[in-house]
Protein chains: 2
Amino acid sequence: MRLNLAFLGFGNVGRSVARLMIDQSPALRRDYGIEWALTGIATRRSGWVADARGIDGESALVGPGWNAGAEKHPDAATWLAAAKADVMFEMSSLDTSAGEPALSNMCVALERGIHVVTANKGPIVFGYQKLRDLAASHNVSLRFESTVMDGAPIFSLFRQSLPLVRIERFEGILNSTSNMIIGEIEQGSTMVDAIARAQALGLAETDPAADVDGFDAAVKVAALVIVLMGTPIELAKIERQGIRDLNAADIRAARSAGTPYKLLCRAWRTEEGIHATVGPEKVDASSPFAQVNGTSSIVHFSTNMLPGLSIVEHEPTPLTTAYGMLVDFIDITRSMARS
Amino acid sequence: MRLNLAFLGFGNVGRSVARLMIDQSPALRRDYGIEWALTGIATRRSGWVADARGIDGESALVGPGWNAGAEKHPDAATWLAAAKADVMFEMSSLDTSAGEPALSNMCVALERGIHVVTANKGPIVFGYQKLRDLAASHNVSLRFESTVMDGAPIFSLFRQSLPLVRIERFEGILNSTSNMIIGEIEQGSTMVDAIARAQALGLAETDPAADVDGFDAAVKVAALVIVLMGTPIELAKIERQGIRDLNAADIRAARSAGTPYKLLCRAWRTEEGIHATVGPEKVDASSPFAQVNGTSSIVHFSTNMLPGLSIVEHEPTPLTTAYGMLVDFIDITRSMARS
């Protein structure tokens with residue numbers, strides 16, 4: 001099958017996905033019979049660029065000038081139509097207030113019978129049910145593996161490998177930037193310097209609030225609760241505390257005592273519904289969480305079928321997030337082949 | 001769809017599967033449209049018992065007397081025919097010399113167009129390629145999730161959630177009996193008493209060699225190498241050392257020093273093919289392996305796409321293995337619905 005892809009966003013993630021897709025083209029053709037063409041790229045700077053004959057991915061990666069003379073469109077709807085898109089890859093940045101404009105753009109795609117793969121948590125947290133229902137009614141797929149723990153398989157694991165499972169609770173370390181900052185402080189850095197270093201590495205945003213105030217972690221908790229526990233939860237209902245107010249001396253003392261601070265995410269069922277928290281905690285040296293350092297992450301699920309199952313992702317690279325989106329794309333083509 | 005199931009083996013695993021299937025019948029009907037009947041049970045004591053009208057699972061669980069007056073058959077082929085079996089659940093005990101008679105019985109089933117779910121590592125290690133080819137040529141499925149780490153999703157994870165991945169190496173703690181015995185010795189037990197306790201808990205066999213000499217671990221390593229790394233490996237080629245010759249004082253001293261002994265399984269690619277080892281090692285306190293105690297297990301994969309991915313299964317119960325087989329069964333019905 002031959003599919004046209006439209007990339008909404010062409011920053012670090014978009015470029016990594018393009019690089020990976022180009023490199024894996026022979027394998028996609030050989031193992032899955034998939035041919036693809038990049039027919040749309042939209043960015044803040046270049047606007048809504050589409051060319052249904054195909055945009056050369058290598059040139060776009062080298063940029064600038066790749067879009068000289070290309071058609072530009074006023075909005076997502078005309079852009080997707082001009083690109084004759086079969087699948088939209090949504091890779092814009094996180095908005096923790098409403099998941100916009102990503103959410104609206106994804107609705108536009110799904111309503112037009114275009115499959116959507118996203119690495120953006122916002123739309124999942126603010127519009128999962130709407131998106132899911134739209135996808136179902138238009139007989140297309142919505143996939144979002146890379147929204148939590150990069151490309152490590154979490155959503156696909158439950159969707160495909162763990163039928164009949166009911167998650168009773170989960171806990172994890174899901175914001176790697178906070179974890180890295182704590183690690184830098186343990187080694188002598190100040191909070192300010194550690195944040196600057198995370199920014200220099202491209203981990204933290206210019207405004208580090210999403211990480212150090214626990215927003216990113218809370219959004220991931222919400223995504224897991226909504227999708228895997230099947231229960232709507234408002235972001236504001238998650239008890240949230242970040243690492244901003246931790247004292248550097250306390251962080252170092254905790255590490256020396258063998259009980260390092262970690263920004264822990266938790267959710268569990270109660271009689272009143274699901275209770276969820278994000279906050280720094282000292283973890284015991286014997287806890288598997290104590291060994292999760294740097295940009296690694298972990299999530300532990302307690303379920304009715306498996307008493308305990310943990311997934312640990314070690315030191316992801318930009319490729320890891322891109323790989324999660326490629327897996328989503330392959331899974332969509334499998335669904336298409338079946339229907 | 002309505003499916004007849006034949007159980008080859010009705011010991012701890014077989015009974016747990018029957019219990020779970022009965023309990024999950026309403027959910028299977030509601031969520032997957034699956035109706036099932038138990039139409040064959042074969043055990044060493046009762047012989048090849050079949051009744052295509054259905055055997056009452058609850059009575060069989062209560063036993064004895066469930067098979068009074070039931071038809072008995074001379075071998076697997078006539079038994080499967082009399083049971084009009086659609087799926088055979090193979091749950092006999094491990095034979096580390098040739099995987100028999102399980103391997104032959106599974107061939108008999110597959111050749112007759114009967115799907116096979118097994119919890120038995122032997123046939124996978126000694127006959128994977130033959131079984132896989134037989135299944136393909138008869139258009140049926142072979143599933144074996146519960147052969148490694150009980151019901152934790154390992155094989156299905158790679159089959160369904162990790163396309164295009166090439167495993168470069170893996171390491172893990174895969175024999176929970178050895179791990180539990182080491183833990184007992186750390187707490188003051190002797191090797192002999194610890195083995196006796198593992199036997200009393202139903203973890204170790206009457207002949208504990210499979211566990212304490214590392215055979216069980218080596219068979220699991222072989223299964224992962226053969227299936228997930230796509231490379232045949234002979235059991236005899238795996239460097240194997242068990243925990244039998246470890247000294248209790250050394251075990252306790254290592255734990256006190258924060259570097260406990262673990263029976264580690266490893267496999268990695270070399271220019272001459274895959275090298276695989278099983279043996280006791282002292283692990284660093286900062287290793288995630290140091291925190292895997294009791295009957296828990298862990299496997300860590302290094303791959304071309306995800307730098308590191310670990311799966312940890314915590315304190316499995318008999319239900320865990322049964323759940324793995326139920327997942328395999330549901331997955332088979334999904335394939336049937338598609339074909």
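Above this text is the structure in question.
What comes next concerns the included structure. The structure presented is a predicted model; accordingly, all values stated were derived computationally and were not measured.

## Regarding the overall build of chain A
So, step 1. Within chain A, the secondary structure is distributed over 13 helices and 13 strands.
So, step 2. Looking at chain A residue by residue over its 339 residues, the buried ones come to 61%.
So, step 3. Taking as baseline every contact in chain A between residues at least 6 positions apart, the subset at least 24 positions apart corresponds to 69%.
So, step 4. As displayed, chain A offers around 13500 Å² of accessible surface, 48% of which is attributable to carbon and sulfur atoms.
So, step 5. Seen as two clouds, the 31 positive and the 38 negative side-chain charges of chain A have centres 3 Å apart.

## Here we look at the interface of chain B and chain A
So, step 1. On the side of chain A, 46 residues touch chain B, which itself brings 46 residues to the contact.
So, step 2. Carbon and sulfur atoms make up 65% of the surface buried where chain B meets chain A, a total of about 3500 Å² over both sides.
So, step 3. When the area that chain B buries against chain A is broken down by residue, the three leading residues are Leu164(B), Met305(B) and Tyr323(B), summing to 20%.
So, step 4. Counting across the interface, chain B meets chain A through 0 salt bridges.
So, step 5. The interface formed by chain B and chain A includes 18 residue pairs in polar contact (both at pLDDT 80 or more).
So, step 6. Listed by contribution, the elements that provide at least two residues to the side of chain B that touches chain A are helix H2 (25-32), helix H7 (155-161), strand S13 (308-314) and helix H13 (318-338) of chain B.
So, step 7. Examining the composition of the side of chain B that touches chain A, we find that 8 residues originate from one element, H13(B), more than from any other.
So, step 8. Class assignment of the residues belonging to the side of chain B that touches chain A gives a composition of 25 nonpolar, 15 polar and 6 charged.

## A closer look at the sheet that holds strand S6 (residues 115-118) of chain A
Residue and element names in this part refer to chain A.
So, step 1. The 7 strands lie next to each other as S4-S3-S2-S1-S5-S6-S7, forming an open sheet whose pairing is mixed. The open sheet has two edge strands, strand S4 (71-73) and strand S7 (142-143), and neither has a second partner.
So, step 2. Two strands pair when backbone bridges link them, and strand S3 (residues 47-50) and S4 are joined in this way by 3 bridges, in the antiparallel orientation. Bridging across to S4, Ala 50 finds its partner in Glu 71.
So, step 3. Of the strands in this sheet, strand S1 (2-8), strand S2 (35-43), strand S5 (87-90), S6 and S7 are in contact with helix H13 (residues 318-338), which crosses S6 at around 160°.

## Considering the sheet that holds strand S9 (residues 239-240) of chain B
So, step 1. One open sheet holds the 12 strands; their spatial order is S9(A)-S11(A)-S10(A)-S8(A)-S12(A)-S13(A)-S13(B)-S12(B)-S8(B)-S10(B)-S11(B)-S9(B), and the pairing between them is mixed. Looking along the sheet, the strands with just one partner apiece sit at the ends: strand S9 (239-240) of chain A together with S9 of chain B.
So, step 2. Pairing of strand S8 (residues 167-173) of chain A with strand S12 (residues 297-303) of chain A involves 6 bridges; the strand directions are antiparallel. Bridged to Gly172(A) within S12(A) is Val299(A).

## Examining the relation of the copies chain B and chain A
So, step 1. In screw terms, the move from chain B to chain A is a rotation of 180° and a rise of 0.0 Å along the axis, fitting with an RMSD of 0.0 Å. Accordingly, the operation relating the two chain copies is best matched by a two-fold axis. It is Ile311(B) whose C-alpha, among those of chain B, lies nearest the rotation axis, at 2.5 Å.

## Quick look at the side chain of Ser335(B)
Residue and element names in this part refer to chain B.
So, step 1. As for its placement among the helices and strands, Ser 335 is situated in helix H13.
So, step 2. A relative accessible area of 19% places Ser 335 in the buried class.
So, step 3. Other than its neighbours up to four places away in sequence, Ser 335 contacts Ser 141 and Arg 143.

## Quick look at the packing of helix H8 (residues 176-186) of chain B against helix H9 (residues 191-200) of chain B
All names here are of chain B.
So, step 1. Taken N-terminus to C-terminus, the directions of H8 and H9 make an angle of 130°; their axes are 9 Å apart at the nearest point. Considering their axes alone, H8 and H9 lie oblique with respect to each other. Classified by chirality, the crossing of H9 by H8 is right-handed. On the side of H8, the interface is formed by Thr 177, Met 180, Ile 181, Glu 184 and Ile 185, while H9 contributes Met 191, Ala 194, Ile 195, Arg 197 and Ala 198.
So, step 2. Each residue belonging to the contact of H8 with H9 can be placed in one class, and the counts come to 7 nonpolar, 1 polar and 2 charged.

## Considering the pattern of salt bridges
Residue and element names in this part refer to chain A.
So, step 1. In total, this model carries 38 salt bridges over all chains according to the counting rule given.
So, step 2. The salt bridge partner of Lys 121 is Asp 216, with a shortest N-O separation of 3.1 Å. Residue Lys 121 is located in helix H6 (residues 121-137), and its partner Asp 216 is located in helix H11 (residues 215-228); the two are separated by 95 residues in the primary sequence.
So, step 3. Taking the relative accessible area as the measure of exposure, Lys 121 reaches 10% and is therefore buried.
So, step 4. In this structure, the salt-bridge partner of Asp 331 is Arg 143, at a minimum N-O distance of 2.7 Å. Placement of the pair is Asp 331 in helix H13 and Arg 143 in strand S7, with a sequence separation of 188 residues. Arg 143 carries the same exposure label as Asp 331, and that label is buried.

## Examining helix H1 (residues 12-23) of chain A
Residue and element names in this part refer to chain A.
So, step 1. Here H1 contains 12 residues, and its C-alpha end-to-end distance of 16 Å stays within 8% of the 16 Å for a straight helix at 1.5 Å per residue.
So, step 2. All of the buried residues along H1 are Gly 14, Ser 16, Val 17, Ala 18, Leu 20, Met 21 and Ile 22.
So, step 3. For H1, the elements touching its buried residues are S1, helix H2 (25-32), S2, helix H3 (57-62), S5 and H13.

## Regarding the environment of Ile238(A)
Residues and elements named next belong to chain A.
So, step 1. Structurally, Ile 238 is set in the loop between H11 and S9.
So, step 2. Its relative accessible area of 5% is what places Ile 238 among the buried residues.
So, step 3. In this structure, the C-alpha to C-alpha distance between Ile 238 and Phe 215, residues 23 residues apart in sequence, is 9.9 Å.

## Let's talk about the packing of aromatic side chains
The description of two aromatic rings rests on the distance between their centres and on the angle between their planes.
Residues and elements named next belong to chain A.
So, step 1. Counted under the stated rule, the structure contains 16 aromatic pairs over all chains.
So, step 2. Seen from their ring centres, Trp 48 and Trp 79 are 5.2 Å apart, and the 55° between their planes marks the pair as tilted. Taken together, the residues Trp 48 in strand S3 and Trp 79 in helix H4 (residues 76-83) connect sequence positions 31 residues apart. Of the two residues examined, Trp 48 and Trp 79, each falls in the buried class.

## Some words on the side chain of Ser161(B)
So, step 1. Along the chain, Ser161(B) turns up in helix H7.
So, step 2. Residue Ser161(B) is classed as buried on the basis of its relative accessible area of 1%.
So, step 3. Among the polar contacts listed, one links the side chain of Ser161(B) to the side chain of Ser156(A), at a separation of 2.9 Å.
So, step 4. The contact partners of Ser161(B), leaving out residues within four places of it in the chain, are Pro153(A), Ser156(A), Leu157(A), Gln160(A), Tyr323(A), Val327(A) and Ser156(B).

## What about the pairing of strand S1 (residues 2-8) of chain B?
Residue and element names in this part refer to chain B.
So, step 1. With 6 of 7 residues buried, S1 is to be regarded as a mostly interior element.
So, step 2. When S1 meets strand S2 (residues 35-43), the two strands line up parallel, connected through 7 bridges. By the bridge assignment for S2, Phe 7 is matched with Ile 41.
So, step 3. Looking at chain direction, S1 and strand S5 (residues 87-90) are connected through 4 bridges and run parallel. In the sheet register, Leu 5 faces S5, and the bridge partner there is Val 87.

## So, the environment of Val227(A)
Residue and element names in this part refer to chain A.
So, step 1. Summarising the element assignment, Val 227 is placed in helix H11.
So, step 2. Through-space distance from the C-alpha of Val 227 to that of Met 91 is 20 Å; in sequence the pair is 136 residues apart.
So, step 3. When neighbours within four sequence positions are excluded, Val 227 is seen to be in contact with Ile 124, Tyr 128, Phe 144 and Phe 155.

Each value, and the rule that gives it
Residues numbered from 1 in each chain as written. Chains lettered and ligands numbered in written order. Predicted model: local features only at pLDDT ≥ 70, side-chain atom pairs only at ≥ 80, totals over all residues. Heavy atoms only, no water. Helix = DSSP H or I, 4+ residues; strand = E, 2+ residues; numbered from the N terminus. Buried < 20%, exposed > 50% of the residue type's maximum accessible area, 1.4 Å probe, protein only. Contact = heavy atoms within 4.5 Å. Areas by Shrake-Rupley, 256 points an atom, 1.4 Å probe, with all protein chains shown as cover. Lys, Arg positive; Asp, Glu negative; His and termini not counted. Charge placed at Lys NZ, Arg CZ, Asp CG, Glu CD. Buried area = accessible area lost by both parts, 1.4 Å probe. Salt bridge = Lys/Arg side-chain N within 4 Å of Asp/Glu carboxyl O. Polar contact = N/O pair within 3.5 Å; in protein donor to acceptor, adjacent residues only side chain to side chain. Nonpolar A, V, L, I, M, F, W, Y, C, P; charged D, E, K, R; others polar. Pairing = 2+ DSSP bridges. Axes fitted to C-alpha atoms, helices over the stretch in contact; angles between N-to-C directions. Least-squares fit on C-alpha atoms with pLDDT ≥ 70 in both. Parallel < 35°, antiparallel > 145°, perpendicular 65-115°, else oblique. Left-handed = near helix turned anticlockwise from the far one by under 90°. Expected span 1.5 Å × (residues − 1). Phe/Tyr/Trp six-rings, centres within 6.5 Å; stacked < 30°, edge-to-face > 60°.

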